[in-house]
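So you can see what is in the structure, the chains are spelled out below.
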Amino acid sequence: MRFQPVLLLAFAALNCTMNSNSGTRTALPPPEISIIVRGGTVLAGPDQQAKQGLSLVLRGGKIEFIGEEAEAQRQAPGAQVLSAEGATVLPGLTDAHAHLETLARYMATVQLAGTSSLDEVIDRIAKGAESLPSGAWVIARGWDQNKWPQQEFPNKAALDARVPDHPVAATRIDGHALYVNSIALRAAGIDRNTPDPPGGRIIRDAHGEPTGVLVDDAVEMVTSTIPRVDRQIRKKRLRAALQVIVASGLTEIHEAAVEPAVISDETIDIYKELIDTGQMPIRINFMLSRKQPSLGEWFKRGPLVGYGGKLTVRSVKVYADGALGSRGAALLAPYSDEAGNTGILTTDGDNLTAISVEAREHGFQIATHAIGDRGCRLVIDSYERAGVQPADRFRIEHLQVISLDDIPRLARDGIIASMQPAHATSDMPWAERRLGPDRIRGAYAWRKVLNAGGHLAFGSDFPIESVNPFYGIYSAVTRQDQAGNPPGGWKPEEKLTLPEAISAFTKGAAYAAFEEGSRGTIEVGKNADLTIVEGDLMKAPPSELFKTKVRMTIVDGKVVYDSGSK
């Protein structure tokens with residue numbers, strides 16, 4: 001029998017109170033709901049060992065019992081029973097680097113992912129413009145010039161010819177470059193005399209004219225001119241995106257800041273509203289932006305931990321460099337496929353050291369985006385100058401290319417490697433051209449980091465990659481695309497085992513958020529967050545892992561997604 005979510009009594013919502021110091025929300029407890037999850041393969045205990053025939057009792061949002069079914073029935077008589085027969089019960093999966101706000105926006109924009117030519121990109125943008133009034137912005141995302149025949153950045157002329165009456169802002173798949181037309185450049189006041197901003201670049205032609213592509217911090221010159229979306233529309237979009245997330249089996253995400261930074265506080269307020277009204281199905285570990293105006297006030301107040309049991313704000317996101325696909329990742333030596341270009345540093349070591357010191361003093365964690373080996377070294381050096389200790393759990397987000405000499409420093413300093421396995425299989429067709437045969441040895445090097453004693457926390461970086469965590473698990477285990485290429489896997493020495501990959505999406509992600517005491521494993525006393533998938537996942541052929549189907553997602557002892565397949 002499947003569990004059907006029950007409505008909480010209205011008086012519980014009416015008795016909510018706010019602690020003005022900690023910001024945590026308390027309420028009279030709702031009537032306890034007892035659930036028994038019975039059968040299947042359960043990844044139980046601190047070591048996530050696959051065991052057959054266990055039953056779990058979930059009560060009061062916690063795992064209360066793990067053991068034989070008869071004892072579960074004795075401890076929870078009359079409980080509603082969920083059958084996990086023919087399924088695998090995982091600790092609730094976590095995406096340790098995601099962009100919920102961006103996903104919500106992306107779902108409502110012109111989607112360019114999967115396009116294979118500039119003509120196809122422009123066709124989709126032009127079609128999107130047809131339903132808009134003249135002069136309205138066309139917002140799009142997902143193009144990737146590495147998938148086009150010429151693999152070169154586009155030029156505004158082609159876009160001007162098809163969409164002359166609408167300003168266009170089309171974000172590259174990685175979020176680190178923007179393709180615009182002439183009307184958008186004029187709206188932003190960008191011409192041949194406009195200097196590159198610090199940490200950004202305006203791509204220009206041989207005559208010095210802007211081509212219509214902006215990289216890294218230059219992107220904000222245009223995006224800051226786009227009218228903001230109404231709060232209620234944003235809230236509606238977020239709710240739609242949350243349904244996609246729970247259907248993918250995720251029980252928590254680490255939201256790696258929102259863009260633009262000025263909407264961060266409004267986003268947090270919307271999340272609180274969703275929590276207060278029972279409409280937030282997952283947990284969110286939210287990263288503030290280094291650029292948001294209210295950061296100083298946040299430092300004065302201190303972290304917000306466990307608002308309504310669903311929202312924690314104790315991290316600050318900083319950018320050290322750009323992205324590899326747009327050649328903005330900061331490298332120690334020039335790109336192998338672009339002489340003289342070593343990428344872009346979007347912050348310097350002194351600034352990163354200063355914000356690291358300040359964050360530590362106020363109980364916050366720093367999570368720094370660093371993709372190139374120069375960017376990663378700058379972050380490690382800055383953390384060390386700031387006196388960062390393993391207990392601080394500072395993070396490097398992406399860590400896509402690192403000098404082999406710097407890998408042992410991650411473990412020594414306790415720096416968490418927050419990585420996204422699907423990036424490797426997306427980038428493998430062109431990554432070695434960017435980096436060359438020697439430097440590629442430190443690229444997407446999960447195995448080297450793990451063997452050195454480092455902490456791995458895995459995510460997707462959605463919507464850059466798919467929300468589906470099993471795509472990332474598949475990439476980590478096989479190092480292949482979903483067609484099985486290349487045979488044996490790309491740089492197969494970096495493969496992980498299936499238990500290691502699952503651990504990085506559960507235990508590793510929990511550790512990165514200071515949550516290992518409450519989640520990340522199926523143990524008595526921990527939060528009742530579970531991801532239940534069809535079949536025996538631990539016996540599935542590696543080639544089939546990306547096809548894994550979610551049967552049910554449970555958060556806080558409540559079913560937030562049910563496929564209805566059983």
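Residues numbered from 1 in each chain as written. Predicted model: local features only at pLDDT ≥ 70, side-chain atom pairs only at ≥ 80, totals over all residues. Heavy atoms only, no water.

## With respect to the overall build of the chain
Alright, step 1. Within the chain, the regular secondary structure consists of 19 helices and 27 strands.
Alright, step 2. Taking 566 residues into account, the globule formula puts the C-alpha radius of gyration at 24 Å, and the chain, at 24 Å, falls close to it.
Alright, step 3. C-alpha extents for the chain along the principal axes are approximately 80 × 50 × 45 Å.
Alright, step 4. By the burial criterion, 56% of the 566 residues in the chain qualify as buried. (Helix = DSSP H or I, 4+ residues; strand = E, 2+ residues; numbered from the N terminus. Rg over C-alpha atoms; globule rule 2.2 N^0.38 Å. Buried < 20%, exposed > 50% of the residue type's maximum accessible area, 1.4 Å probe, protein only.)

## A closer look at the environment of Gly309
Alright, step 1. Mapped onto the secondary structure, Gly309 falls in the loop between strand E19 (304-307) and strand E20 (311-319).
Alright, step 2. Given a relative accessible area of 36%, Gly309 falls into the partly exposed group.
Alright, step 3. Expressed as a C-alpha distance, the spacing of Gly309 and Arg283, which sit 26 residues apart in the sequence, is 7.5 Å.

## Thoughts on the sheet that holds strand E7 (residues 62-67)
Alright, step 1. Taken in spatial order, the four strands make up an open sheet running E7-E6-E3-E8, and their pairing is mixed. In the strand order of this sheet, the two ends are held by E7 and strand E8 (80-83), each with one partner. Between one strand axis and the next, the sheet turns through 20 degrees on average, direction left out of account.
Alright, step 2. Strand direction decides the pairing type here: strand E6 (residues 55-59) and E7, joined by five bridges, are antiparallel. Note that in E7 the partner of Leu58 across the bridge is Ile63. (Pairing = 2+ DSSP bridges. Axes fitted to C-alpha atoms, helices over the stretch in contact; angles between N-to-C directions.)

## Topic: helix H4 (residues 118-129)
Alright, step 1. Taking 1.5 Å of rise per residue, twelve residues should cover 16 Å, and H4 covers 17 Å from first to last C-alpha, within 8% of that figure.
Alright, step 2. Of the residues making up H4, those classed as buried are Val121, Ile122, Ile125, Ala126, Gly128 and Ala129. Down the axis, H4 shows its buried residues gathered within 160 degrees of arc, on one side only. For H4, exposure combined with an orientation more than 90 degrees from the buried face picks out Asp119 and Lys127.
Alright, step 3. The secondary structure elements touched by the buried residues of H4 are strand E11 (110-111), strand E12 (138-143), helix H5 (156-162), strand E13 (168-172) and strand E14 (177-180). (Expected span 1.5 Å × (residues − 1). Arc of directions from axis to C-beta. Contact = heavy atoms within 4.5 Å.)

## Observations concerning the sheet that holds strand E15 (residues 200-204)
Two strands in a sheet stick together by hydrogen bonds in their backbones, pointing the same way (parallel) or opposite ways (antiparallel).
Alright, step 1. The sheet built from six strands is open, its strands ordered E11-E12-E13-E14-E16-E15 with mixed pairing. Edge positions in the sheet fall to E11 and E15, since each of these pairs with one other strand and no more.

## Let's talk about the nonpolar core
Alright, step 1. Judged by nonpolar contacts, the single largest core of 96 residues is most densely connected at Ile245, Leu311 and Ile396.
Alright, step 2. With sequence-adjacent residues up to four places away left out, Ile396 is seen in contact with Thr368, Ala370, Cys376, Val379, Ile380, Tyr383, Leu410, Ile415, Ile416, Ala417 and Ser418.
Alright, step 3. Counting 21 residues, the second-largest nonpolar core is a separate cluster that includes Val121, Ile122, Ala126 and Ala177. (Core = buried A, V, L, I, M, F, W, Y, C linked by side-chain atoms within 4.5 Å.)

## Thoughts on the pairing of strand E9 (residues 87-91)
Alright, step 1. Burial of E9 is extensive: five of the five residues sit out of reach of the surface.
Alright, step 2. As paired elements, strand E4 (residues 41-44) and E9 share two bridges and run parallel to each other. For Val42, the partnering residue across the bridge sits in E9 and is Val89.
Alright, step 3. As judged from the five bridges shared by E9 and strand E25 (residues 530-534), these two strands associate in the antiparallel manner. From the neighbouring strand, Thr88 faces E25, where its bridge partner is Val533.

## Re the side chain of Ser55
Alright, step 1. Turning to its location among the elements, Ser55 is positioned in strand E6.
Alright, step 2. Apart from the residues lying within four places of it in its own chain, the contact partners of Ser55 are Ile36, Val37, Arg38, Gly39, Phe65, Ile66, Gly67, Glu68, Glu69 and Ala72.

## Some words on the environment of Pro167
Alright, step 1. Structurally, the position occupied by Pro167 is in the loop between H5 and E13.
Alright, step 2. On the basis of relative accessibility, which here comes to 5%, the residue Pro167 falls in the buried class.
Alright, step 3. Sequence separation between Pro167 and Ala113 is 54 residues, and the spatial gap between their C-alpha atoms is 20 Å.
Alright, step 4. Residue contacts for Pro167: discarding those within four places in its chain leaves Gly135, Ala136, Trp137, Val138, Asn181, Ile183 and Ala184.

## Some remarks on the packing of helix H8 (residues 231-247) against helix H9 (residues 264-276)
Alright, step 1. H9 packs onto H8 with a crossing angle of 60 degrees between their chain directions and a minimal axis gap of 11 Å. The hand of the H8/H9 crossing is right-handed. Contact residues: Arg231, Arg234, Lys235, Leu238, Arg239 and Leu242 in H8; Glu266, Thr267, Asp269, Ile270, Tyr271, Glu273 and Leu274 in H9.
Alright, step 2. Of the residues belonging to the contact of H8 with H9, the class tally is five nonpolar, one polar and seven charged. (Left-handed = near helix turned anticlockwise from the far one by under 90°. Nonpolar A, V, L, I, M, F, W, Y, C, P; charged D, E, K, R; others polar.)

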